[in-house]
Amino acid sequence: MAKINITDVVNEGKFNRFHLRLLICCCIIIVFDMFDLVIYGSVIPILMKEWSISPVQAGAIGSYGFFGMMLGAIFFGVLADKFGRKNILILSVVLFSIFTFLCAFAPGPLMFSIFRFIAGIGIGGVLPNVIAIMTDYAPKHLHNTMVSIVMCAFSVGGILAGLVGIYFIPLMGWKSVYWVAAIPLLLIPFVVKYFHDSPAILLVKGRIDELRLVLSKVNDKVSLTSDMEFVISTETEKNPSSPVIALFKNNRALGTVMIWVAFFMCLLMINGISTWLPNLMFSAGYALSSSLSFMIVLNIGAIVGTLILGGLADKYGVKKVLVPMFIMAAVSLTLLGFKTNMIILYLIVFIAGACTMGAQNISYAFVSQYYPSLIRSTAIGFASGIGRIGGIIGPTFGGFLVSLNLSAQMNFLSFAIPGIIAAIAFSLVPLRHAYDKKTKEIDIA
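The rules we used
- Residues numbered from 1 in each chain as written.
- Predicted model: local features only at pLDDT ≥ 70, side-chain atom pairs only at ≥ 80, totals over all residues.
- Heavy atoms only, no water.
- Phe/Tyr/Trp six-rings, centres within 6.5 Å; stacked < 30°, edge-to-face > 60°.
- Helix = DSSP H or I, 4+ residues; strand = E, 2+ residues; numbered from the N terminus.
- Buried < 20%, exposed > 50% of the residue type's maximum accessible area, 1.4 Å probe, protein only.
- Expected span 1.5 Å × (residues − 1).
- Contact = heavy atoms within 4.5 Å.
- Core = buried A, V, L, I, M, F, W, Y, C linked by side-chain atoms within 4.5 Å.
- Axes fitted to C-alpha atoms, helices over the stretch in contact; angles between N-to-C directions.
- Parallel < 35°, antiparallel > 145°, perpendicular 65-115°, else oblique.
- Nonpolar A, V, L, I, M, F, W, Y, C, P; charged D, E, K, R; others polar.

Regarding the packing of aromatic side chains
Considering all chains together, one arrives at 21 aromatic pairs under this definition. On the numbers, 5.7 Å between centres and 90° between planes, the contact of Phe112 with Tyr178 is edge-to-face. Placement of the pair is Phe112 in helix α5 (residues 109-137) and Tyr178 in helix α7 (residues 176-179), with a sequence separation of 66 residues. For the pair Phe112 and Tyr178, one class covers both residues: buried. Through a chain of ring-to-ring contacts, the aromatic side chains of Phe263, Phe326, Tyr364, Phe366, Tyr370, Tyr371 and Phe426 assemble into a single cluster.

Written out as structure tokens, the structure reads:
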């Protein structure tokens, strides 16, 4: 009986209609995933006034969503590796769409916080599965590029949140921005029809007919017959008894811990800035519409940065790109605290977006390639989940800083320090223990 290596089939495939369909759908999901997360930053000044809540309370409400994301990323990431990524992704989309929509009908801070927390669980469950699915099916030479494009959708969601806030709030009030959250539900039939679990999971679960079908879509140059036996690339891809324990096996313990530290610091910095940038600029004397425009520029910078960094990562290796970018992130955030003319200010915000959110986006590609396929959702889920602890602290930390009436320089410097720590942590990840030596040398070195 002829044997065929499913990893080689995927890696040697050419970008085709299957990849394009998968890429577009994942991008749309991520756009609204991010929109639902950051739209709260657009309504903070209004809710503080309407509900008479303090900056610390407003920051705490923001953190509830990130707390839900932490739980969703970890819990749904593990479940996806056990039971398949497709159904967990569908559940996550349903959760974040419905409960973000319900935020528009919250009578006060308590119900708003509950809805935001449940929506956060769904938001957290999306990313591990989307990145894992993209990595599972992307051709070898396009791993970083395709993940980078998907991660750019986060910034598109941030831009959409800013634009919706600018145009909808004055016309229809703050509740109108949450009505948009129901749109992703329209994607569910598409996901049901066209998405598949990873080839490794299909093989382990014995779903051979589906595996043969999806491999023919991924790589139409390979002839797949019913008498062929499918095998996985390496022995390390055997089904682990516990995907969580597997994160620390094969000398990956130090790398796993350092990745978690880096993600914690990255998301503390990014979520804190994303939540409080409009308010910090508003407090500095800018109009609300101008303050929201800074968030748009921040996300445009993230898109450009992600695409450029993705190309650089494919050429030089992800780690060699990440470390200097997080150092630049710290420098740019520090510079935001100083008065300057608007052109230079927008340029600094643009650079800050490229070096904070852009670099963080690339870090997901790093994680997705550092671990084998059967624990990939767990690895991304835990990294994202641990990072969300920093994300929980970020908005509350920002509210605490605002309540202290510190100078703008001190506020932004406080958010810059985690960028330095993230750079140090990523520099300590040992690449010699990445699961695939070819991956290590080409993609993440």
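Some words on helix α16 (residues 357-370)
Because each turn of an α-helix spans 3.6 residues, side chains separated by three or four positions end up pointing in the same direction. Between its first and last C-alpha atoms α16 spans 20 Å; for 14 residues at 1.5 Å apiece the expected length is 20 Å, and the two agree. A large share of α16 lies buried, amounting to 14 of its 14 residues.

Here's the deal with the side chain of Ser148
With respect to the helices and strands, Ser148 occurs in helix α6 (residues 143-172). The residues contacting Ser148, other than those within four sequence positions of it, are Thr306, Gly310 and Ile362.

Quick look at the nonpolar core
Counting residues in each nonpolar core, the largest one holds 147 residues, and the members touching the most others are Phe112, Tyr178, Ile259 and Phe366. Of the residues forming this core, the biggest block, 20 residues, is contributed by helix α2 (residues 17-50). With residues near it in sequence (within four places) discarded, Tyr178 still touches Ile39, Tyr40, Val43, Thr100, Phe101, Cys103, Ala104 and Phe112.

Here we look at the packing of helix α3 (residues 55-83) against helix α4 (residues 85-102)
The contact between α3 and α4 brings their axes to 7 Å, and the two run at 150°. Here α4 runs roughly antiparallel to α3, going by the angle between their axes. For the pair formed by α3 and α4, the contact residues are Phe76, Leu79, Ala80 and Asp81 on the first element and Arg85, Ile88, Leu91, Ser92 and Leu95 on the second. Of the residues assigned to the contact of α3 with α4, the class counts are six nonpolar, one polar and two charged.

It is worth stressing that arrangement in space is one thing and function is another; only the former is reported here.
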